[in-house]
Every structure is written in C-alpha cells, then in structure tokens.
Amino acid sequence: MKDELLTELRNLFPGVPLVESPLFHSIIEDLGFSGEERRVALELHERGYAIIDFRDEELDHRIERIKDFLEPYFECDMADPQAVKNNGSVQRVQDGWLYNEDIRAIASNERILELLGKLYGRSAFPFQTLNFPVGTQQHLHSDSIHFSSMPERFMCGVWLAMEDIAESAGPLTYLPGSHKWPIINNAMIGRRGFESPREHAQQPFEKAWRALVQQSGVAQETFQARKGQALIWAANLLHGGSPQTDPTRTRWSQVTHYYFDDCAYYTPSFSDEALGQLDLRSIVDVGTGEPKPNLYLGKSLETAAEPVPTASFLKRLQKRLQGRAGLPDDFDPETYYRLNPDVAVAKFDAATHYLSHGKVEGRRYKFRIA
Ligand SMILES: O=C(O)CCC(=O)C(=O)O
Ligand SMILES: [Fe+2]
C-alpha cells in the first residue's frame, strides 16, 4: 500500500488506541515497530494482554528496598512464611509511590512509557500504583468499571512480578480475548451509579461478568510469572486473583495503571453517562507529581473546585455521622495517609474518609506492631 494511504488509514480513528483499532491489521506494518513491539501489539490486540521482560538494571535492588519499606504496612510478618497467611483483609498499599522512590521509578519506567505510547498512539502516564505482598483473590472484573476514559480504552495495567509466582500463591488470572466483549456499564445492567455508595464499585457487575464467562466457554489462564516479568493488559480484559491454595505463600507484585493524554478520566461505576453525570477523577501523573486535566478533544472539562467528586455524598454522610463519633482513640491522620496514600492524593480529610469509607473497606490506620 502507498505511504499516504497507510497514514490516512492510521488517522481515521484517533479516538481509539492503535492497538485496539478496528483497522489494526491494515495499519500494523505502518507503525515502524521492532519485532518485539510487533509481537506485543499483536498479542494485546488478539488476546488483550502481552507478557514482557521488565527492563530496569536496578530492578532487583528496587524490589528488595520496596519489600523492606512496605513490610510494616502489612498485618503479618513477611519474613516468617508461617505467619504470612492471607487473612482476606486488604493486603495492599495504593499509591505507595508518594512515599517510595523505587515504586515511583517502576511506575514511570521510560521503556514502558515509550512502548505504551507506541501501542496506543498517545503519550502514556502512570496514575496509580498498587503493591501486593500476597494474592488478592479478587473476583474477575474489567478495570473499565473503575477507571475509564473518554474516549474509552485509553487505560491499561502493567502487573510486575516481584518474585517467582507459584500457582499456589493465587496468581493473576484472566480470560484471553475478553477485552473484545462489550464494556459493561451502568446503563447496560439497569443501575444508576452517580453518588451511589462507594463500597459498591464492582459487586453490581459481577453476576453479568460471570454469565458472560460461562457462555463464552473460554478457559481462564494464570500468570505464573518469573521475577521481573510483567503483563500488560487492555482496559476491558476480564482479570482477577486466582485462589491462594497455600496460605503461607507470598505473591509480591506491583501493578501500575496508566492513562493516556488528551482524555477525560472518570469512574464509570459511579457515573450515568447518558445524564452527563460523570464521576470525574482528579488524576495526578505519578512521574511528575502534577495533576492532569480532564480534556475532551483538547478542551478542558469543567471539574469541581474541590478535587473530590463525591463532595455532596460526603457532606451528607458527615452530617449523619455527627462529628467524629466512632473514630478510634489512637487514630492519627498522618499514619492513615501513609497507609492509604490514595486518600492523601485525593485530598480527603483522613478522619472523614475513615468513617465514611475506610472502616467498611477494612482499611488500616495503624502500622503493624512488630
Ligand atoms: O493482582 C491481582 O490479583 C489483581 C489486580 C487487579 O485487578 C488490578 O490491579 O487491576
Ligand atoms: Fe483490576
């Protein structure tokens, strides 16, 4: 094909990631990819995920430092395999990058950013980190419920194995090809999402996902990774944590979620798009620490002055809670922020957040006592 024609084809859908473009097969040869980039693009397109080696000369040292740093955050003694025990409570640290440069460096790895930029056709930036010491055993879900973009699909996750992952540790699991299934939203399941209780982000969708999986007959796969391998997955790939059959096994990992430039970033689970009620996110670029504006076709979307999309919901709750009743005597806002950096990022008041969300979510407000 002539060069001009290829360029024209490539530019027909600027609002769709290149790797998910309906013209993907016509344009792939025009993208100037290396052999490895081409493999990753084809796998992401067809299967919704691709496995790569995470290239960072410092990685082993970073992993050791991150483990040392995070250990006091968790409820069990990670040095003692008998004590690890996945007790089902929330064993994770969200947005640890705020307090740890190694977490931040992994999230903003230049090679990953360059690769994602090529695959999606827009600049990528990390907006959230999650660190897990053990398996999550999380229900199958699409991240499109939690963090989506307008235009859609400009979001992806990178799951990095910080040790060799055994089957009995409850590895990441996913359904190949499920990224091509419909993106389920509130309208499709007959639910109003705007200002609904925050603990109901994912559960209302689980039945529908289970039914789709059953109908598809597609077999679930697991990522039994070697330390230093990473898995990139597309915004709508169904994934979760498989059961942990050995309760003493750790499963150290870091997930970084990425968005792409020139989008509006929002939470579909708490939005009713048809009514223009968007639960817009206040996104911070992990690499620069700077906020990213919500844009649609280059123009800024009006956002609330307070970077808290649920302000009115919180206000109502606050009234009902009448002051600080129910707050533990040893509650310290700074410690709560350190243990739950996402709360700090969103500039929520620590005590209010704990009472309205943190408590029901099982969030911690004390470091483990050694
Ligand atoms: O690590 C897991 O088990 C699941 C992680 C996940 O769903 C996510 O980070 O989006
Ligand atoms: Fe997820």
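Placed above this text is the structure.
Everything numeric in this text was worked out from a predicted model, so none of it was measured.

Quick look at the coordination of the iron ion (ligand 2)
- Listed as protein donors to the iron ion (ligand 2) are His141 (NE2), Asp143 (OD) and His239 (NE2); their distances from the metal cover 2.1 to 2.2 Å.
- Taken in chain order, the donor set of the iron ion (ligand 2) reads H-x1-D-x95-H. With a gap of 96 residues between them, Asp143 in the loop between strand E3 (124-132) and strand E4 (148-150) and His239 in strand E9 (residues 239-241) connect regions that are remote in the sequence.
- For Asp143, a relative accessible area of 3% translates into the label buried.
- Take His239: its relative accessible area is 5%, and that puts it in the buried class.

Points about the nonpolar core
- Within the largest apolar cluster, 56 residues are counted, with the highest numbers of intra-cluster contacts made by Val40, Leu44, Leu70, Leu116, Leu119, Ile232 and Tyr259.
- Counting residues per element, this core draws most heavily on helix H6 (residues 110-120), which supplies six residues.

Observations concerning the site of ligand 1
- What surrounds ligand 1 is a group of 15 residues, the closest being Thr136, His141, Trp159, His239 and Arg251.
- The side chain of Thr136 places a nitrogen or oxygen atom 2.6 Å from an oxygen atom of ligand 1.
- A distance of 3.2 Å separates an oxygen atom of ligand 1 from a polar side-chain atom of Asp143.
- A total of 290 Å² of accessible area belongs to ligand 1 in isolation, and the protein chains cover 98% of it.
- Take the shell around ligand 1: its biggest share by element is three residues, from E9.

Some remarks on the packing of helix H3 (residues 35-47) against H6
- The interhelical angle for the contact between H3 and H6, taken along N-to-C directions, is 60°, at an axis separation of 11 Å. The pairing of H3 with H6 is recorded here as oblique in orientation. In terms of crossing hand, the pair formed by H3 and H6 is right-handed. Residues Glu37, Val40, Ala41 and Leu44 of H3 lie in contact with H6, whose contacting residues are Leu115, Lys118 and Leu119.
- Broken down by class, the residue content of the contact of H3 with H6 amounts to five nonpolar, no polar and two charged.

A few points about the sheet that holds strand E10 (residues 253-260)
- Taken in spatial order, the six strands line up as E1-E8-E5-E10-E3-E2 in an open sheet, and their pairing is antiparallel. Unpaired on one side and paired on the other, strand E1 (49-53) and strand E2 (93-94) mark the two borders of the sheet.
- Two elements, E3 and E10, share eight bridges in a ladder whose sense is antiparallel. Paired with Thr129 across the bridge in E10 is Thr256.
- Across the sheet, H3 is in contact with E1 and strand E8 (229-234); its angle to E1 comes to roughly 150°.

Quick word on the packing of aromatic side chains
- Scanning the model with the defined rule gives 17 aromatic pairs in all.
- Their ring planes at 50° and their centres at 4.4 Å tell us that Tyr49 and Tyr174 sit as a pair that is tilted. Taken as a pair, Tyr49 in strand E1 and Tyr174 in strand E6 (residues 172-174) lie far apart in primary sequence, 125 residues in all.
- One aromatic cluster is present, formed by Phe125, Phe127, Phe147, Tyr259 and Tyr265 through successive ring pairs.

Re the sheet that holds strand E7 (residues 221-222)
- Spatial ordering of the open sheet is given by E7-E6-E9, a layout of three strands whose pairing is antiparallel. Edge strands, defined here as strands with exactly one partner in the open sheet, are E7 and E9.
- In terms of strand pairing, E6 meets E9 through three bridges, oriented antiparallel. Within E9, the residue paired with Thr173 across the bridge is Gly240.

Comments concerning the environment of Ile52
- Structurally, the position occupied by Ile52 is in strand E1.
- For Ile52, a relative accessible area of 7% translates into the label buried.

Some points on helix H4 (residues 59-70)
- In this model H4 runs 16 Å from its N-terminal to its C-terminal C-alpha over twelve residues, within 8% of the 16 Å that 1.5 Å per residue would give.
- As for H4, its buried residues are in contact with E2, helix H5 (101-107), E3, strand E5 (155-161) and E10.

Description of the pattern of salt bridges
- Across all of its chains, the model carries 20 salt bridges by this definition.
- For the salt bridge of Glu58 with Arg65, the shortest nitrogen-to-oxygen distance reads 3.1 Å.
- Exposure remark for Glu58: the relative accessible area of 32% places this residue in the partly exposed category.
- Classification of Arg65 by relative accessible area gives partly exposed; the value is 37%.
- A salt bridge links Asp60 to Lys227; the shortest N-O distance between them is 3.6 Å. Taken as a pair, Asp60 in helix H4 and Lys227 in the loop between E7 and E8 lie far apart in primary sequence, 167 residues in all.
- According to the relative accessible area criterion, Asp60 is partly exposed, its value standing at 47%.

Examining the pairing of E10
- For E10, the tally of buried residues reaches eight of eight residues, placing the bulk of the element in the interior.
- In E10, alternate side chains face the same way, and those of Ser253, Val255, His257 and Tyr259 on one face and Gln254, Thr256, Tyr258 and Phe260 on the other are all buried.
- Sheet analysis places E5 next to E10, joined by seven bridges and oriented antiparallel. Within the sheet, the bridge partner assigned to Leu160 lies in E10 and is Gln254.

Parameters at a glance
- Residues numbered from 1 in each chain as written.
- Chains lettered and ligands numbered in written order.
- Predicted model: local features only at pLDDT ≥ 70, side-chain atom pairs only at ≥ 80, totals over all residues.
- Heavy atoms only, no water.
- Donors = N, O, S within 2.8 Å, 3.2 Å for Na, K, Ca; no water.
- Helix = DSSP H or I, 4+ residues; strand = E, 2+ residues; numbered from the N terminus.
- Buried < 20%, exposed > 50% of the residue type's maximum accessible area, 1.4 Å probe, protein only.
- Core = buried A, V, L, I, M, F, W, Y, C linked by side-chain atoms within 4.5 Å.
- Near = heavy atom within 4 Å.
- Polar contact = N/O pair within 3.5 Å; in protein donor to acceptor, adjacent residues only side chain to side chain.
- Areas by Shrake-Rupley, 256 points an atom, 1.4 Å probe, with all protein chains shown as cover.
- Axes fitted to C-alpha atoms, helices over the stretch in contact; angles between N-to-C directions.
- Parallel < 35°, antiparallel > 145°, perpendicular 65-115°, else oblique.
- Left-handed = near helix turned anticlockwise from the far one by under 90°.
- Contact = heavy atoms within 4.5 Å.
- Nonpolar A, V, L, I, M, F, W, Y, C, P; charged D, E, K, R; others polar.
- Pairing = 2+ DSSP bridges.
- Phe/Tyr/Trp six-rings, centres within 6.5 Å; stacked < 30°, edge-to-face > 60°.
- Expected span 1.5 Å × (residues − 1).
- Salt bridge = Lys/Arg side-chain N within 4 Å of Asp/Glu carboxyl O.

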